[in-house]
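# Tertiary structure, described
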Amino acid sequence: QVQLVESGGGLVQAGGSLSVSCAASGRTFSNYAMGWFRQAPGKEREFVAGILWTSGRTFYASSVKGRFTISRDNAQSTVYLLLNDLKPEDTAVYYCAAKRTVMAISTGYDYWGQGTQVTVSS
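Predicted model only: the values in this text are computed from it and were never measured. (Residues numbered from 1 in each chain as written. Predicted model: local features only at pLDDT ≥ 70, side-chain atom pairs only at ≥ 80, totals over all residues. Heavy atoms only, no water.)

If you trace the backbone, Thr116 turns up in strand β11 (residues 116-121). Residue classification places Thr116 among the buried residues on the basis of a relative accessible area of 11%. Here the side chain of Thr116 touches Gly9 through a polar contact of 3.1 Å, landing on its backbone nitrogen. If sequence neighbours within four positions are ignored, Thr116 has contacts with Glu6, Ser7, Gly8, Gly9, Val20, Ala92, Val93 and Tyr94. (Helix = DSSP H or I, 4+ residues; strand = E, 2+ residues; numbered from the N terminus. Buried < 20%, exposed > 50% of the residue type's maximum accessible area, 1.4 Å probe, protein only. Polar contact = N/O pair within 3.5 Å; in protein donor to acceptor, adjacent residues only side chain to side chain. Contact = heavy atoms within 4.5 Å.)

Printed below as a string of structure tokens:
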């Protein structure tokens, strides 16, 4: 049973930085894709960033490219998202997700975490 547990959200001022983590367990994640998504109040959940576990190749939504960095630690089975130069519009619940294929990085995820709140004040 795959489990994903996010941590590290919080309140930060605009222009600041925050890091969120996703501890993954339940299997080995070779050939998995891992993603970060977010959902703001009244909006649909959207893709933020993704990483292929084996190769480390990364993908970003245009809205966060250059500001956010996704990475993974194989030994710790943990995926990280570093959020820099935060804006009030980045306020959302951030979710970690995993899927068993590496195609179409922004869709089709099989497993989800419970989410962690990130709030950016202006």
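Before going further, it helps to spend a moment on the pairing of strand β7 (residues 68-73). Taken together, the six bridges between β7 and strand β8 (residues 78-83) define a ladder with antiparallel strand orientation. By the bridge assignment, Asp73 is partnered in β8 with Thr78. (Pairing = 2+ DSSP bridges.)

Met34, Trp36, Leu81 and Tyr94 are the most contacted members of the largest nonpolar core, which has 37 residues in total. Of all the elements in the fold, those that place two or more residues in this core are β3 (18-25), β4 (33-39), β5 (46-52), β7, β8, β9 (92-99) and β11. Discounting residues that sit within four places of it in the chain, Leu81 has contacts with Leu18, Ser19, Val20, Trp36, Val48, Ala49, Phe68, Thr69, Ile70 and Tyr94. (Core = buried A, V, L, I, M, F, W, Y, C linked by side-chain atoms within 4.5 Å.)

Let us now look at the pattern of salt bridges. Throughout the structure, instances matching the rule amount to four salt bridges. With a closest N to O distance of 2.6 Å, Arg38 and Glu46 form a salt bridge. Asp90 is the partner of Arg67 in a salt bridge, and the nearest nitrogen-oxygen pair spans 2.8 Å. With Arg67 in the loop between β6 (58-60) and β7 and Asp90 in the loop between β8 and β9, this pair connects stretches of sequence that are 23 residues apart. One continuous salt-bridge network, built from bridges that share partners, spans Arg38, Glu46, Arg67 and Asp90. (Salt bridge = Lys/Arg side-chain N within 4 Å of Asp/Glu carboxyl O.)

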